[in-house]
Amino acid sequence: MAPQTGHLRDAMHHLRHARGLRSIINRRETNKRILIAEDDRVLADGLMRALRGTGAAVDHLASGSEADAALMTNREFDLLILDLGLPRMHGLEVLRNLRAGGSSLPVLILTAADSVDERVKGLDFGADDYMAKPFSLQELEARVRALLRRRMGGAGDVIRHGPLVYEQAGRVASIEGKMIDLSAREPGLLEVL
Ligand code: CA
């Protein structure tokens, strides 16, 4: 038997005794915080209802200046849905400020159907994806899921329990700094637990 078998057994022991670990992992997937900056009240209500239905916490602001201020003071958001045609500050301005401040927050912009120019500018200014109005909520939800998944795969997604450290992105586990050589099947097993 390979020497890491003992470490793997330890890892499984820690995982089995990690009360609530499963709920922690689930929470990572569902308890996301999304900011919607959209001045069309009907559209904003529809977006909020749809996204809250996925388990996300959703905040809504109806002007560019408010969104800009909220993004400057609050780093807790996991995703920004940004209408470009906003009162008091254009969405592109909000986006530019956000990126100028060094934020890598995923941004999905909402643009007018006929405005290729706005879409291109938005992507150039650092938007991650766009939806042209009118769009289906179903498609928007799918794009939101994809953006949040991408964010989850980032370097920050590490689960710790006692001496066990598991990085979801690299599917790497270690105990007290010693790497556990997980075979192809075992990371899946760890994630299922
Ligand atoms: Ca608008």
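Residues numbered from 1 in each chain as written. Predicted model: local features only at pLDDT ≥ 70, side-chain atom pairs only at ≥ 80, totals over all residues.

Peer 1: Explain the overall build of the chain here, please?
Peer 2: Regarding its fold elements, the chain presents 8 helices and 9 strands. Partitioning the intrachain contacts of the chain with sequence separation of at least 6 by distance along the chain shows that 58% fall at a separation of at least 24. (Helix = DSSP H or I, 4+ residues; strand = E, 2+ residues; numbered from the N terminus. Contact = placed C-beta atoms within 7 Å.)

Peer 1: Explain the pairing of strand E5 (residues 129-132) to me, please; I cannot follow it from the model alone.
Peer 2: The two faces of the sheet receive side chains in turn, since in a regular strand these alternate between them. Looking at chain direction, strand E4 (residues 107-111) and E5 are connected through 4 bridges and run parallel. Paired with leucine 108 across the strands is aspartate 129, a residue of E5. Between the parallel pair E4 and E5, the chain is carried across by helix H6 (residues 116-124), and the sense of this crossover is right-handed. (Pairing = 2+ DSSP bridges. Right-handed = clockwise from strand over helix to strand, strands pointing away.)

Peer 1: Where do I start with the nonpolar core in this structure?
Peer 2: Most often, soluble globular proteins keep nonpolar side chains buried together rather than apart. If you look at the biggest cluster of nonpolar residues, it comprises 30 residues, and the most contacted ones within it are Ala37, Leu79, Ile81, Leu82, Leu95 and Leu108. Elements with a minimum of two residues in this core: strand E1 (33-37), helix H3 (41-52), strand E2 (57-61), helix H4 (64-73), strand E3 (79-83), helix H5 (91-100), E4 and helix H7 (137-152). Aside from chain neighbours lying at most four places away, what touches isoleucine 81 is Ile34, Ile36, Leu47, Leu108 and Leu110. (Core = buried A, V, L, I, M, F, W, Y, C linked by C-beta atoms within 7 Å. Buried ≥ 20, exposed ≤ 12 C-beta atoms within 10 Å, placed from the backbone.)

Peer 1: I keep staring at the confidence of the model for the chain and nothing clicks. Help me out?
Peer 2: Predicted coordinates in areas of low pLDDT are best not read in detail. A residue-level look at the chain finds 73% of positions with pLDDT of 70 or above and a mean pLDDT of 82. The spread of mean pLDDT over the elements of the chain runs between helix H2 (residues 21-30), the lowest at 50, and E3, the highest at 98. Ignoring residues within four places in sequence, the model shows residues 25-29, a span with pLDDT below 50, making 1 contact including any to other chains. (pLDDT = per-residue confidence, 0-100.)

Peer 1: Just checking my understanding: could you explain the sheet that holds E5 for this structure?
Peer 2: Think of a sheet as strands paired side by side through backbone hydrogen bonds, with each pair either parallel or antiparallel. With parallel pairing, 5 strands are arranged side by side in an open sheet as E2-E1-E3-E4-E5. This sheet does not close on itself; its edge strands, each paired only once, are E2 and E5. Averaged over all pairs of adjacent strands, the angle between their axes in this sheet comes to 20 degrees, without regard to strand direction. Each of E1 and E2 is contacted by H4, which is oriented at about 155 degrees to E1, the strand it contacts most. Along the sheet, H7 makes contact with E3, E4 and E5, crossing E5 at roughly 175 degrees. (Axes fitted to C-alpha atoms, helices over the stretch in contact; angles between N-to-C directions.)

Peer 1: Would you explain H4 in this entry?
Peer 2: At 3.6 residues per turn, the α-helix brings residues three or four places apart onto the same side. Residues Gly64, Ala67, Asp68 and Leu71 constitute the buried set of H4. Taken down its axis, H4 places every buried residue within 100 degrees of arc, on the same side. Elements that come into contact with the buried residues of H4 comprise E1, E2 and H5. (Arc of directions from axis to C-beta.)

Peer 1: What is the right way to look at the environment of alanine 50 in this model?
Peer 2: Residue position: alanine 50 is located in helix H3. Leaving out residues up to four positions away in the same chain, alanine 50 has contacts with Leu137 and Glu141.

Peer 1: Looking at this structure, how should I read the pairing of E3?
Peer 2: Burial within E3 is extensive, with 5 of its 5 residues counted as buried. Side chains Leu79, Ile81 and Asp83 project from E3 onto one buried face, and the interleaved Leu80 and Leu82 project onto a second face that is buried too. Relative to E3, E1 runs parallel, the two sharing 4 bridges. By the bridge assignment, leucine 35 is partnered in E3 with leucine 80. As paired strands, E3 and E4 are joined by 4 bridges and run parallel to one another. Looking at the pairing, aspartate 83 lines up with leucine 110 of E4. Handedness of the crossover is the feature at issue here: the chain leaves E3, passes through H5, returns alongside E4, and the resulting connection is right-handed.

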